[in-house]
Amino acid sequence: KQEVTQIPAALSVPEGENLVLNCSFTDSAIYNLQWFRQDPGKGLTSLLLIQSSQREQTSGRLNASLDKSSGRSTLYIAASQPGDSATYLCAVRPKAAGNKLTFGGGTRVLVKP
Amino acid sequence: NAGVTQTPKFQVLKTGQSMTLQCAQDMNHEYMSWYRQDPGMGLRLIHYSVGAGITDQGEVPNGYNVSRSTTEDFPLRLLSAAPSQTSVYFCASSYSRSYDEQYFGPGTRLTVT
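Conventions we followed
- Residues numbered from 1 in each chain as written.
- Chains lettered and ligands numbered in written order.
- Predicted model: local features only at pLDDT ≥ 70, side-chain atom pairs only at ≥ 80, totals over all residues.
- Heavy atoms only, no water.
- Helix = DSSP H or I, 4+ residues; strand = E, 2+ residues; numbered from the N terminus.
- Rg over C-alpha atoms; globule rule 2.2 N^0.38 Å.
- Buried < 20%, exposed > 50% of the residue type's maximum accessible area, 1.4 Å probe, protein only.
- Contact = heavy atoms within 4.5 Å.
- Areas by Shrake-Rupley, 256 points an atom, 1.4 Å probe, with all protein chains shown as cover.
- Pairing = 2+ DSSP bridges.
- Axes fitted to C-alpha atoms, helices over the stretch in contact; angles between N-to-C directions.
- Polar contact = N/O pair within 3.5 Å; in protein donor to acceptor, adjacent residues only side chain to side chain.
- Disulfide = S-S within 2.5 Å.
- Phe/Tyr/Trp six-rings, centres within 6.5 Å; stacked < 30°, edge-to-face > 60°.
- Lys NZ or Arg CZ within 6 Å of the ring centre and 35° of its normal.

Here we take up the overall build of chain B. Within chain B, the regular secondary structure consists of zero helices and eleven strands. Helices and strands appear in chain B in the N-to-C order β-β-β-β-β-β-β-β-β-β-β. Over its C-alpha atoms chain B spans a radius of gyration of 13 Å, differing by no more than 12% from the 13 Å that the globule rule assigns to 113 residues. Going through the 113 residues of chain B one by one, you find that 48% of them count as buried. Relative to all contacts within chain B whose residues are 6 or more apart in sequence, the contacts with residues 24 or more apart total 54%. When the accessible surface of chain B is summed, it comes to about 5,200 Å², and 51% of that surface belongs to carbon and sulfur atoms.

Residue and element names in this part refer to chain B. Pairing within the open sheet is antiparallel, and its four strands lie in the order 1-3-8-7. For this open sheet the edge positions go to strand 1 (4–7) and strand 7 (64–66), each flanked by a neighbour on one side alone. Geometrically, the sheet is characterised by an average inter-axis angle of 20 degrees between neighbouring strands, direction not taken into account. Bridge count between strand 1 and strand 3 (residues 19–25): four bridges; the pairing is antiparallel. Residue pairing for strand 3: Val4 is matched across the bridge by Gln25.

On to the side chain of Ser87 of chain B. Residues and elements named next belong to chain B. By the secondary structure assignment, Ser87 is in strand 9 (residues 87–94). Ser87 gets classed as buried once you look at its relative accessible area, which sits at 5%. Reaching out from Ser87, the side chain makes a polar contact with the side chain of Asp38 at a distance of 2.8 Å. Beyond its immediate sequence surroundings of up to four residues, Ser87 is in contact with Arg36, Gln37, Asp38, Thr108, Arg109 and Leu110.

With that settled, consider the state of the cysteines. On inspection of all chains with the given rule, the structure shows two disulfides over all chains. At a sulfur-sulfur separation of 2.0 Å, the disulfide partner of Cys23 of chain A is Cys90 of chain A. Between Cys23 of chain A and Cys90 of chain A, the S-S dihedral sits near 80 degrees, and the bridge is therefore right-handed. Placement of the pair is Cys23 of chain A in strand 3 (residues 19–25) and Cys90 of chain A in strand 9 (residues 86–94), with a sequence separation of 67 residues. Judged by relative accessible area, Cys23 of chain A falls into the buried class, the value being 2%. There is a disulfide in this structure between Cys23 of chain B and Cys91 of chain B, and the S-S distance comes to 1.8 Å. Handedness here is read from the sign of the S-S torsion; for Cys23 of chain B and Cys91 of chain B, about -70 degrees, the answer is left-handed. Pair noted here: Cys23 of chain B is in strand 3 and Cys91 of chain B is in strand 9, with a separation of 68 residues, a long-range link. Taking relative accessible area as the criterion, Cys23 of chain B reaches 2% and is therefore assigned buried.

In this section: the pairing of strand 7 (residues 62–67) of chain A. Residue and element names in this part refer to chain A. Judged from the four bridges that link them, strand 6 (residues 56–59) and strand 7 form a sheet pairing that is antiparallel. In the strand pairing of strand 7, Gln57 is matched with Ala64. Counted along the chain from strand 6 to the antiparallel partner strand 7, the turn is two residues long, and its residue Gly60 has a positive phi close to 60 degrees. As paired elements, strand 7 and strand 8 (residues 72–77) share six bridges and run antiparallel to each other. Bridge pairing links Ala64 to Leu75 in strand 8. Linking strand 7 to strand 8, which pair antiparallel, is a turn of four residues; within it Gly71 sits at a positive phi near 70 degrees.

Right, let's talk about the packing of aromatic side chains for a bit. Geometrically, a pair of aromatic rings is defined through the distance of the ring centres and the angle of the planes. Enumeration over the complete set of coordinates arrives at seven aromatic pairs over all chains. Summarising the aromatic geometry, the rings of Tyr31 of chain B and Tyr48 of chain B are spaced 5.8 Å apart at their centres and angled 35 degrees between planes, so their arrangement reads as tilted. Pair noted here: Tyr31 of chain B is in strand 4 (residues 31–38) and Tyr48 of chain B is in strand 5 (residues 42–51), with a separation of 17 residues, a long-range link. Assigned by exposure class, Tyr31 of chain B and Tyr48 of chain B land together as buried. Linked through ring pairs, Phe36 and Phe103 of chain A together with Tyr35 and Phe104 of chain B together constitute an aromatic cluster. Taking NZ or CZ as reference, Arg93 of chain A lies 5.0 Å from the ring centre of Tyr31 of chain B, over its face. In this structure, Arg68 of chain B packs its charged tip against the face of Phe74 of chain B, placed 6.0 Å from the ring centre.

Written out as structure tokens, the structure reads:
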């Protein structure tokens, strides 16, 4: 059974510092991995989608890497801002088990001004 | 495009009452799914559909019913509400069940007393 883990569960950094968020998964047979952002009381906003054949994806200040063989992905957010404060979730789409998206528990980020 | 829409945003039910949470998407997506999000439990899949007329169970289907008569709509029915169904419910959709980005609705916050 696919398991997805995000450590740490919470992170606090001063404004301007780069953020590094980790996601690990147990089964490398995946179609893709997706990073989401969730603000308190809101829905999930898709940030980046990395296909299993890709090593990284970039969008503005965000860069996500994928090492499928070791079961790891990292989301980098450059020059963090207070507006980056949110919970970040990663999810994998496995090739087995009905292709059901499997989520990690999330990392709650606070960027202090 | 409105994306994925959900109604209502908030709902309070008494134990034993039934109701339907509505979900619609205007992106011509074949794959739709329902999740519930609970503190400490993360996002869990309730039911999903790979196309009109086709539905299947996720991790936590008990107490919920779904049907998919059109590509656009995927309602979730609570048959007899219980306090354990107090949660935030999210609907999601993607073009396919494999390679495509998943989009989430804004959620419905349900309280069962």
